[in-house]
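Letter by letter, the chains look like this.
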Amino acid sequence: MTLLVQTLILGLLIGGIYALMSSGFTLVFGVMKIINLAHAAMIVLAAFFTWWVWDLTGIDPLLLGVVATPVMYGFGWVLYKTVIARVHRADHELAMVASFAVAIAASGVMSLVWGTELRAATPSYFNTSLEIGSIVVPHAQLYACGGAVALLLGLYVLLRRTFIGRAIKACAENRDSAELVGINVERTMAQMFAIGAATTGFGGAALSVIYQFFPESHFVWIGRILCVVILGGLGSLAGAALGAAVLGVGETITAIYIDTQWATTVPYILIIAILVLRPQGLLGERMRADGAHA
Amino acid sequence: MIEFRNVCAGYGGGDVLQGLDLRVEDKSITCIVGPNGAGKSTVLRTLSGLLSPRVGEILLDGRALHTLSAAQVLAAGVAQVPQQGGLFGGLSIRDNMLLGGYLVRRQRRELNKRIDELAEVFPIVAERALDKAADLSGGQRRIVEFARALVTEPSVILLDEPTLGLDPKTCATVFETTQQVNALGTTVLMVEQNVRFGLQLADHGVVMERGQVLISQPADVLLGRSDMASMFFGAAPTEPAVDVPGGPA
Ligand SMILES: Nc1ncnc2c1ncn2[C@@H]1O[C@H](COP(=O)(O)OP(=O)(O)OP(=O)(O)O)[C@@H](O)[C@H]1O
Ligand SMILES: [Mg+2]
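About the thresholds
Residues numbered from 1 in each chain as written. Chains lettered and ligands numbered in written order. Predicted model: local features only at pLDDT ≥ 70, side-chain atom pairs only at ≥ 80, totals over all residues. Heavy atoms only, no water. Helix = DSSP H or I, 4+ residues; strand = E, 2+ residues; numbered from the N terminus. Polar contact = N/O pair within 3.5 Å; in protein donor to acceptor, adjacent residues only side chain to side chain. Contact = heavy atoms within 4.5 Å. Patch = residues over 30% accessible without salt bridge, like charges linked within 9 Å, V, L, I, M, F, W, Y side chains within 5 Å. Areas by Shrake-Rupley, 256 points an atom, 1.4 Å probe, with all protein chains shown as cover. Salt bridge = Lys/Arg side-chain N within 4 Å of Asp/Glu carboxyl O. Phe/Tyr/Trp six-rings, centres within 6.5 Å; stacked < 30°, edge-to-face > 60°. Buried < 20%, exposed > 50% of the residue type's maximum accessible area, 1.4 Å probe, protein only. Lys NZ or Arg CZ within 6 Å of the ring centre and 35° of its normal. Buried area = accessible area lost by both parts, 1.4 Å probe. Nonpolar A, V, L, I, M, F, W, Y, C, P; charged D, E, K, R; others polar. Near = heavy atom within 4 Å. pLDDT = per-residue confidence, 0-100. Pairing = 2+ DSSP bridges. Axes fitted to C-alpha atoms, helices over the stretch in contact; angles between N-to-C directions. Core = buried A, V, L, I, M, F, W, Y, C linked by side-chain atoms within 4.5 Å. 1 Å grid on protein atoms, 1.4 Å probe; cavity = no way out; pocket = protein on both sides within 12 Å on 5 of 7 lines; lining within 4 Å. Points joined across faces, edges and corners; volume = space filled by probe spheres on them.

A. Main features of the side chain of Thr-254 of chain A. Residues and elements named next belong to chain A. Along the chain, the position of Thr-254 falls in helix 10 (residues 237–258). Within polar-contact distance, the side chain of Thr-254 engages the backbone oxygen of Gly-250 at 2.6 Å. In contact with Thr-254, not counting residues within four places along its chain, are Asp-259, Trp-262, Ala-263 and Val-266.

Written out as C-alpha cells, the structure is:
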C-alpha cells in the first residue's frame, strides 16, 4: 500500500512537470494548428541555459527557470517571426516540417556550444528528500512540480481572464472577426507562440535538475509531449494536464513494479492505446466544443 | 459622409470591385442590394479595412480610410458586423462584449459601464452573460453581434446580411434594432439579400452588379420601380418579404 501511494505521488509530481512542458505545445496547436516539433528542442535549450548559468554562478537552477521564461519568450518571438509565420503563411502543413528542421538545427548548435556529454544541474537538494512517515518526496521533484503547477495556473488565468487570452482565443476562432474588433492578429499570434515558448523556460529548468540531458534528448521529450497531448486531446490545456498525470503515473508504476527499462516504452504504448480506443483523446470532445481553449 | 472614389479591390484573382463610386450620407440607412457575387460584402470589407483597395480612395468625412488597418478604421468610428458567425462561439457573451471594447480595454471602468448600458437596450447581453456564444440561437447571436459592434460607440455601423437565416419574427427584431441604432445618430450601411426588407428599412438604396454601382436612389423610389422585379426577383431568388413594423404594407 505504501509503495503504491509512493508511486502515485512520484508519478503525479512528474506529471505536473510534463503538463507544463506540454502546455505550450498544445496551446500553439490549438490556436494555429501547427505541430511544433521544435518545442522539445526549446525545452532542452532552456535546460542548457539553466545548467550553464548554474554551472557558472551557482544560482539555483529552478530559480533560473524564472529567468529562462522571458528568455524563451524572446526566443519564441524571434522563431515565430523569422521562420514559423513565413512558412505558415505559405503552407499550413509545411510549418511542421520547418519546426522539425529548427529542432535539428538547434540540437546541432547546442552540440557545438555545450558539447554532447550528458549534463545535469545538481543543486544542494538534488538528492535530498522530504520524509512523511514512510513516504519519500524528493525535494527536486517537489519544487519543480510546485513551480510548474504555479506557472500552469498563471497560464490558465492569462488565457481565461486577460485581454491577451481573449484575443488569442478570438484569433483562433475567426481571424476576420478578430480584426474587426480591433485585434492585431499577426501580433497576437506572435505573442501566443512566444507564450508557448516561454513555458519551456521553467520546463527546461526542471529537466536540468531532475534528468540528465544532452542536445539530442529532445527526441525523447517530443515523444513524451506528443503522448501527453494525444492522450488529453490536442489543443486542450486541461487535457494536457490529465494526459500528463496519466503518463507520469504510468511511467512511474512501470518503473517501480516492472522495470525502469520498460518505463521508456510507456509513452508509445499509451499513444497506440488511445489512438485505438479513443482517438480524439480523453478530453477530445471538450476540445472540439470550445475550440482552442483552456 | 462616406465616399468611395473609383475603388478597385479583389482577392488576388482579379478585381471584384471595378471602379466603384458610392456615397453614404451621414445618419442615413443605406442598403446595398444585388445578386450573389456582385461584391456587396467586398464593399464592406474594403471599408472596414479587412481588404486594401488596389486603386481608389475611401473617405470618411474627407479623411482617408483606405490606408488604415481594421483596428484604425474601428478607432475612426466605423464598426462592422460581419456576414454570419461573427461572434466567438467558444467565448462567453460577456467576453464577446469585452472584446467589442478591445480598443478601449485599458479604460476598463468605462468599458464595463458601456456594456452595462448596452445590456439595458439588449437585455440578452446581461441575461446570458456567462453562456457561450455558440449556445445562443441564430437570432440571439445577431442581437449580441449588434450590441458588441456598438461598444466603441461607432458613428458608422456596417451590417452584412443581418437577416440571413433568421425567422420572420427575429427579422422584425433586427429591423427594429437597426432603426433604434440609427435613431441614436449612427449611420448604417447594410447589405441585404432580402431586397424588400432592406429597402423598407433604408432611406437610400444602392443596386450593385459586377463590382459596380448600377443605381443609387432613395429607397422608396427604388422599391417602387417597375423594373425592380425583373432586375432581381428574376435574376436572384429572394426570401419572401416579411411583415415588418412601420414598413409599407
Ligand atoms: N475571401 C475571398 N477570397 C477569394 N475570393 C473571394 C473572397 N470573398 C469573396 N470572393 C469573391 O469575390 C466575389 C464577390 O464576393 P462578395 O462576397 O463581395 O459578394 P456578395 O455580393 O457579398 O455575394 P453574396 O450575396 O453571395 O454574399 C465573388 O466572386 C467571390 O467568389
Ligand atoms: Mg456577401
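B. Focus on a nonpolar patch on the surface. All names here are of chain A. Judged by side-chain polarity, Met-1, Leu-3, Leu-4, Leu-8, Ile-253, Ile-256, Tyr-257, Ile-258 and Trp-262 come together as a nonpolar surface patch covering roughly 890 Å² of accessible area. At four residues, the largest contribution of residues to the nonpolar patch is made by helix 10. By secondary structure assignment, the location of Leu-8 is in helix 1 (residues 2–32).

C. Structural context of the packing of aromatic side chains. All names here are of chain A. Inspection of the entire model under this criterion finds eleven aromatic pairs over all chains. Relative to Tyr-143, the ring of Tyr-125 lies with its centre 5.1 Å away and its plane at 75°, an arrangement referred to as edge-to-face. In this pair, Tyr-125 is assigned in the loop between helix 4 (94–114) and strand 1 (129–132) and Tyr-143 in helix 5 (residues 139–161), connecting sequence segments 18 residues apart. For Tyr-125, a relative accessible area of 11% puts it in the buried group. Residue class for Tyr-143 comes out partly exposed when judged on its relative accessible area of 40%. An aromatic cluster is present here, built from Phe-48, Trp-51, Trp-52, Trp-114 and Phe-213 joined pairwise through their rings. The ring of Phe-163 is capped by Arg-166, whose NZ or CZ atom sits 4.9 Å from the centre of that ring.

D. Structural detail: the interface of chain B and chain A. Listed per partner, the contact involves 26 residues of chain B and 17 residues of chain A. Note on chain B versus chain A: buried area summed over both sides is about 1,900 Å², and carbon and sulfur give 64% of it. For chain B, the biggest contributors to the area lost against chain A are Phe-88, Leu-99 and Tyr-102 of chain B; these three give 30% of the whole. In this assembly, chain B and chain A are joined by two salt bridges. Among the salt bridges present, the one from Asp-95 of chain B reaches Arg-166 of chain A, with a minimum N-O distance of 2.7 Å. At the boundary of chain B and chain A, one finds five residue pairs in polar contact (both at pLDDT 80 or more). Those elements that provide at least two residues to the side of chain B that touches chain A are helix 1 (40–48), helix 2 (70–75), helix 3 (93–100) and helix 4 (108–121) of chain B. Broken down by element, the residue count for the side of chain B that touches chain A peaks at four residues, all from helix 3 of chain B. In terms of residue class, the side of chain B that touches chain A is built from 13 nonpolar, seven polar and six charged.

E. Geometry of the environment of Gly-76 of chain A. Residue and element names in this part refer to chain A. Structurally, the position occupied by Gly-76 is in helix 3 (residues 61–90). When its relative accessible area of 0% is taken as the criterion, Gly-76 is described as buried. When the C-alpha atoms of Gly-76 and Lys-33 are compared, they prove to be 16 Å apart, with 43 residues separating the residues in sequence. Among residues more than four places away in sequence, those in contact with Gly-76 are Phe-193, Ala-194 and Ala-197.

F. Expanded view of the site of ligand 1. Residues and elements named next belong to chain B. Among the 13 residues in the neighbourhood of ligand 1, the closest are listed as Gly-37, Lys-40, Ser-41, Thr-42 and Gln-193. Measuring from an oxygen atom of ligand 1, one finds a backbone N or O atom of Ala-38 at 3.2 Å. Within the backbone of Gly-39, an N or O atom sits 2.9 Å from an oxygen atom of ligand 1. Expressed as a share of its isolated accessible area of 630 Å², the protein-covered part of ligand 1 is 58%. For the shell around ligand 1, the leading source of residues is helix 1, giving three residues.

G. Spatial organisation of the confidence of the model for chain A. In the predicted model, chain A carries a mean pLDDT of 93, and the fraction of residues at 70 or more is 97%. Contacts from residues 286–294 of chain A, a stretch scored under 50 in pLDDT, to residues over four places away or in other chains number 23 contacts.

H. Structural context of the sheet that holds strand 10 (residues 212–218) of chain B. Residues and elements named next belong to chain B. Reading across from one edge, 6-7-8-3-9-10 is the order of the six strands in this open sheet, with mixed pairing throughout. The sheet is open, and its two edges are formed by strand 6 (78–81) and strand 10, each paired on a single side. On average, each strand axis in the sheet is inclined to that of its neighbour by 15°, with strand direction left out of account. Bridge count between strand 9 (residues 204–209) and strand 10: six bridges; the pairing is antiparallel.

I. Summary view of the nonpolar core. Counting residues in hydrophobic clusters, the biggest one holds 139 residues, and the most contacted among them are Tyr-18, Tyr-80, Ile-183 and Ile-210 of chain A together with Met-97, Leu-99 and Ile-157 of chain B. No other element matches helix 2 (residues 39–57) of chain A, which puts 13 residues into this core. Once residues lying within four places of it in the same chain are set aside, the contact partners of Tyr-80 of chain A are Met-32, Ala-85, Glu-186, Met-189, Ala-190 and Phe-193 of chain A. In terms of nonpolar packing, the next biggest core, distinct from the first, is built from 27 residues, Leu-17, Leu-22, Leu-51 and Leu-158 of chain B among them.

J. Structural detail: unusual backbone geometry. Residues and elements named next belong to chain B. Despite not being glycine, Lys-27 has its phi angle at roughly 60°, a positive value. Assignment of secondary structure puts Lys-27 in the loop between strand 2 (15–24) and strand 3 (29–33). Positive phi values are uncommon outside glycine, yet Glu-153 reaches one of about 50°. Relative to the helices and strands, Glu-153 resides in the loop between helix 6 (138–149) and strand 7 (156–160).

K. A look at the layout of surface pockets. Residue and element names in this part refer to chain A. The calculated volume of the largest pocket comes to roughly 440 Å³. Taken together, 17 residues form the lining of the largest pocket, with Tyr-211, Glu-251, Ala-255, Thr-260 and Ala-263 sitting closest to its centre. Put simply, the parts of the chain that give the lining of the largest pocket at least two residues each are helix 1, helix 9 (218–232), helix 10 and helix 11 (260–263). Of all the elements, helix 10 adds the most residues to the lining of the largest pocket, at five residues.

L. Molecular detail of the sheet that holds strand 5 (residues 63–64) of chain B. Residues and elements named next belong to chain B. In spatial order, the strands read 2-1-4-5; together these four strands make up an open sheet with antiparallel pairing. Each edge of the sheet is formed by a strand with only one pairing partner; in this case those strands are strand 2 and strand 5. As defined by bridge partners, strand 1 (residues 2–10) adjoins strand 4 (residues 55–60) across five bridges and the pair is classed as antiparallel. Bridged to Ile-2 within strand 4 is Leu-60.

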